[in-house]
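# Structural overview
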Amino acid sequence: MESDSTVIYRHFNAPARAFTQFSHDIIRHPRLSSDAVRLLTWQLSLPRGARESLSRTAERARIGACAFGRAKRQLKEEGFVHERRVQVAGGRWVTQQLISGSPLTAAQAAKLLAREPVASSQVAPGPRKPAVGQPTSPSADGHPKKDPQEDTSDLPPQADAVEESPRLEEARALVGALPALSPALRHVPPGMHAELTRLAARWLDTGHTPAEVHEHIRRGLPPVGTPVHHPGGLVRYLLRDVPPGPAPVPAPGNRLSPRLEGARECVGSHTQTTLFRPVGDETLCPRCVPSTRS
């Protein structure tokens, strides 16, 4: 604690190059943590046209995942960061991030983002695994060798795993309720329900509740009125990565409360159980010690 007699001196040399001007309102913001201020000032110091995401900035600034989540949430709540999802050619979805040096409302951010259309060339395609073996010509026989009356399925190989999930029925109900979340999800192809059920079951098996999964999907939807041409693909994209589930609640036991940690039950004669804090390995409380000596 500094005393009232402390005298403060500051020495500052204005840099001649490689500097950025920031408002004092950012540096001294009462509701932004140091990580949030560092993220914001780092982003504002990047050259014009730089496409470094907030998560990449957090990696470079060595800000952990939990701290990054809190910092990003603070920046969005204070209006310095805005995001929206847009669909580009090929059905791919892109998240646009707007970082501002002054707080913006959602309407102001939407106008600025609308001026920045995303071209499909800016979206890097995901990594592809090459096919195994040499290329062959397609068969022209015209008829499959298998009997078409047999049970067939075009589900991915992982579909067997969904049958092992104890939350399968719950996951099916979750997917069936998607149209109620938004009009944009009313036309999810029925052929995708099994795949989306498999993805939803992974979330439930990790410990997330159906309400949490629905809320995650709702947050990932584009603004109301934005056309969604591939609703099933959007839901698949949103459920692709499963975050860690909530920490398990420890089972109730006989563990003492923190206030009584280290206490021991006296083995002397008492009407009720008596706890005391031993100094060594004694088993009698101080009240019982004199009686044993008399």
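Quick caveat: nothing in here was measured; it's all calculated off a predicted structure.

Further remarks concern the overall build of the chain. Within the chain, the secondary structure is distributed over 12 helices and four strands. Of all 294 residues assigned to the chain, the portion counted as buried reaches 27%. Contacts in the chain between residues at least 24 apart in sequence constitute 52% of all its contacts with a sequence separation of at least 6. For the chain, the computed accessible surface area is about 22000 Å², with 52% contributed by carbon and sulfur atoms.

Right, let's talk about the pattern of salt bridges for a bit. Counted by the stated rule, this structure contains 10 salt bridges. Ionic pairing is found between Glu169 and Arg172, a salt bridge with its closest N-O pair at 2.8 Å. With Glu169 and Arg172 both in helix α7 (residues 168–176) and three residues apart, this pair spans about one turn of that helix. Arg172 gets classed as partly exposed once you look at its relative accessible area, which sits at 39%. Each member of the salt-bridge network shares a partner with another, and the members are Lys72, Lys76 and Glu83.

Mapped onto the fold, His214 is located in helix α10 (residues 210–220). Residue His214 is classed as buried on the basis of its relative accessible area of 14%. If we skip the residues at most four places from it in the chain, His214 touches Leu174, Ala177, Leu178 and Leu181.

Moving on to the pairing of strand β1 (residues 81–87). Judged from the seven bridges that link them, β1 and strand β2 (residues 93–99) form a sheet pairing that is antiparallel. When the bridges of β2 are listed, Arg85 appears paired with Thr95. Here β1 folds back onto β2, and the loop between the two strands holds five residues, one of which, Gly90, carries a positive phi near 90 degrees.

Bringing the side chain of Thr41 into the picture now. Structurally, Thr41 can be placed in helix α2 (residues 34–44). Classification of Thr41 by relative accessible area gives buried; the value is 17%.

Bringing the nonpolar core into the picture now. Within the largest apolar cluster, 23 residues are counted, with the highest numbers of intra-cluster contacts made by Leu178, Leu185, Leu196, Val213, Ile217, Val235 and Leu239. Every element with two or more residues in this core is listed here: α7, α8 (178–181), α9 (193–206), α10 and α11 (231–239). A total of six residues in this core trace back to one element, the largest contributor, which is α9. When neighbours within four sequence positions are excluded, Val235 is seen to be in contact with Leu178, Leu185, Leu196 and Ile217. One finds Val37, Leu40, Trp42 and Ile63 within the second-largest nonpolar core, a separate group that totals 17 residues.

Right, let's talk about unusual backbone geometry for a bit. Even without being a glycine, Arg62 presents a positive backbone phi close to 60 degrees. Looking at the secondary structure, you find Arg62 in the loop between α3 (54–60) and α4 (65–77). Classification of Arg62 by relative accessible area gives exposed; the value is 79%.

Let us look at α11. Counting buried positions along α11 gives seven out of nine residues, so the element sits mostly inside the fold. Turning to α11, its buried residues number three or more, namely Pro231, Gly232, Gly233, Leu234, Val235, Leu238 and Leu239.

This brings us to the confidence of the model for the chain. The predicted model of the chain has a mean per-residue pLDDT of 77, with 75% of residues at 70 or higher. Element-level pLDDT for the chain is lowest in helix α6 (residues 159–164), with a mean of 47, against a maximum mean of 92 in α2.

Within the secondary structure, Gly64 is located in the loop between α3 and α4. On the basis of relative accessibility, which here comes to 41%, the residue Gly64 falls in the partly exposed class. With 29 residues separating them in the primary sequence, Gly64 and Asp35 have C-alpha atoms 9.7 Å apart.

The rules behind each value
- Residues numbered from 1 in each chain as written.
- Predicted model: local features only at pLDDT ≥ 70, side-chain atom pairs only at ≥ 80, totals over all residues.
- Heavy atoms only, no water.
- Helix = DSSP H or I, 4+ residues; strand = E, 2+ residues; numbered from the N terminus.
- Buried < 20%, exposed > 50% of the residue type's maximum accessible area, 1.4 Å probe, protein only.
- Contact = heavy atoms within 4.5 Å.
- Areas by Shrake-Rupley, 256 points an atom, 1.4 Å probe, with all protein chains shown as cover.
- Salt bridge = Lys/Arg side-chain N within 4 Å of Asp/Glu carboxyl O.
- Pairing = 2+ DSSP bridges.
- Core = buried A, V, L, I, M, F, W, Y, C linked by side-chain atoms within 4.5 Å.
- pLDDT = per-residue confidence, 0-100.

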